[in-house]
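Residues per chain, in single letters:
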Amino acid sequence: MIKLLLKTFIIFFIFLNSNGYSLISEPKGYPKCVNSDVNKSDFCPLEAKLGHTLILVDFTSRWQKPQIDWVKGRIFGEALISGIPPYNRISYLKIDNTPPHSQKYVYSKCRFKTGTKTKFEGDKVNSKCEGSDFISNIYKAWRSQIDEVEKNFFPKNEEADQSLIYEYIIHVLRELSVDFGSDYQKRELIIVSDLMQYSERVNFFKHCKSASEKLKPKNKQKADKCGTFEKLMKNEKSFANYIERTKPNQEMLKNLKVKVLFINHSYQTRQDLYITLEQLWIDMFKYIGINDYEIIPQIDFGP
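One structure accompanies this document, and this report is about it. (Residues numbered from 1 in each chain as written. Predicted model: local features only at pLDDT ≥ 70, side-chain atom pairs only at ≥ 80, totals over all residues. Heavy atoms only, no water.)

**Structural notes on the nonpolar core**
Applied cut-off: We define the nonpolar core as a collection of buried residues of types Ala, Val, Leu, Ile, Met, Phe, Trp, Tyr and Cys that are connected through side-chain atoms lying within 4.5 Å of one another. The cut-offs for exposure are 20% and 50% of the maximum accessible area for each residue type, with area from a 1.4 Å probe on protein chains only; residues under the lower value are buried, those over the upper are exposed, and the others partly exposed. A run of H or I in DSSP becomes a helix once it reaches four residues, and a run of E becomes a strand once it reaches two; helices and strands are each numbered from the N terminus. It only takes one pair of heavy atoms within 4.5 Å for two residues to be counted as in contact.
Grouped together as the largest cluster of nonpolar side chains are 47 residues, with contacts concentrated most on Ile 169, Leu 189, Phe 204, Leu 277 and Trp 281. When residues of this core are assigned to their parent elements, the largest contribution, 8 residues, is made by helix H12 (residues 273-288). Setting aside residues up to four positions removed in sequence, Trp 281 forms contacts with Ile 165, Tyr 166, Ile 169, Leu 195, Gln 197 and Phe 204. In this structure, Val 38, Val 71, Leu 80 and Ile 263 belong to the second largest nonpolar core, which totals 38 residues.

Take a look at the structure:
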């Protein structure tokens, strides 16, 4: 009898996986019924903070269509449905000429359930207290909101006076008003950027130029090779002290994963810059305590 039950379970498990479902169960505090357990204004659970994906997008340099297309496919549409569980908050924040403390979310609400079978168990309709048409209509309303955000998200090509990438990262990690704290069961910070920090304290366009590049006329110079993080901290004492005083504490880093979509801005830099620039940020992440990270470089897309 035990062998028969075990065999039946194995067949059932194989069937689920063959259909693309991986049995991701509902987390603690997951809302059972929409009418009683979900905030109608932002689609979020009333009694729990399940997860928060904050998408931080750098618009301090000009964008080209291939970049927009690549990023759209990773932060909008089906990427949200397949990658983010239902009732997890999704927020979009822009890096531009606006100071971090004055910047507001473009959008910040929870991903609503689809009402269909997906890899997330919680996407299904709870027939005890929910109707299929009811859930479908709310999902369509949520999806139309996201589609509208996508439609208006990418601005006209403009460049900013500075690029405060580090400052925006620290801002979202430590300010309560951003609602990205460790009280969420899990957090993912997605940074979409060319990673070229430049401000009054530090300028990566200066730090990331080789001696041979600096010999060229100024209007012909481009960032081509970054010095090490150790060298940066040694040469830029103001920046070193600044990072030491502002880096996040352990509570701010709890339950945090960082993903970088590394934009290729070839009009500003030489082809192989990304190798040393990526290592510069890896060392910076480690220094400020971010150990769970992934950096995905964009491939070349032509002239």
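**Considering the pattern of salt bridges**
A side chain with one charge may pair with a side chain of the opposite charge, provided their charged atoms come close. The condition that has to hold: Salt bridges are identified by distance alone: a Lys or Arg side-chain nitrogen within 4 Å of an Asp or Glu carboxyl oxygen.
Here the structure, examined in full by the defined rule, presents 13 salt bridges. Note that Lys 65 is salt-bridged to Asp 69, the shortest N-O span being 2.8 Å. Of this pair, Lys 65 and Asp 69 both sit in helix H3 (residues 65-75), separated by 4 residues, roughly a single helical turn. We classify Asp 69 as partly exposed; its relative accessible area is 39%. Across the pair Lys 247 and Glu 244 runs a salt bridge whose closest N-O atoms are separated by 3.5 Å. Exposure remark for Lys 247: the relative accessible area of 28% places this residue in the partly exposed category. By sharing partners, the salt bridges in this structure join Asp 42, Lys 49, Arg 89, Asp 179 and Asp 183 into a single network.

**Some thoughts on unusual backbone geometry**
The phi angle at Tyr 87 is positive, at roughly 70 degrees, despite the residue not being glycine. Tracing the backbone shows Tyr 87 in the loop between helix H4 (78-83) and strand E2 (89-95). According to the relative accessible area criterion, Tyr 87 is buried, its value standing at 1%. Of note in this structure, Asp 179 is not a glycine but carries a positive phi near 55 degrees. Assignment of secondary structure puts Asp 179 in the loop between helix H6 (165-174) and strand E4 (186-193).

**Structural notes on the sheet that holds E2**
Applicable threshold: Two strands pair under a simple rule: DSSP has to find at least two bridges between them. Axis definition: a line fitted to C-alpha atoms, limited for helices to the stretch in contact. Angles are taken between N-to-C directions and run from 0 to 180 degrees.
Taking strand neighbours across the sheet as the criterion, the 6 strands line up as E3-E2-E1-E4-E5-E6 in an open arrangement whose pairing is mixed. Two strands lie at the open edges of the sheet, namely strand E3 (107-110) and strand E6 (293-297), each paired on one side alone. The average undirected angle you get between the axes of adjacent strands in this sheet is 15 degrees. Here E2 pairs with E3 via 4 bridges, running antiparallel. Among the inter-strand pairings, Ser 91 is bridged to a residue of E3, identified as Ser 108. Its contacts with the sheet place H3 against strand E1 (51-58), E2, E4, strand E5 (256-262) and E6, and it is angled at close to 155 degrees to E5. H12 rests against E4, E5 and E6 of the sheet, and its axis sits at about 165 degrees to E6.

**Some thoughts on helix H5 (residues 132-153)**
As a reminder, the rule being used: For a helix, the expected span equals 1.5 Å multiplied by the number of residues minus one. By construction, the arc corresponds to the directions joining the helix axis to the C-beta atoms.
The terminal C-alpha atoms of H5 lie 31 Å apart, and with 22 residues this matches the ideal 32 Å at 1.5 Å per residue to within 8%. Looking at H5, one finds that the buried residues are Ile 135, Ile 138, Tyr 139, Trp 142, Arg 143, Ile 146, Val 149, Glu 150 and Phe 153. Buried residues of H5, viewed axially, fall in a sector of 135 degrees; they line one side. In H5, the exposed positions that point more than 90 degrees away from the buried face belong to Asp 133, Lys 140, Lys 151 and Asn 152. Packed against the buried residues of H5 are helix H2 (34-37), E1, H3, H4, E2 and E3.

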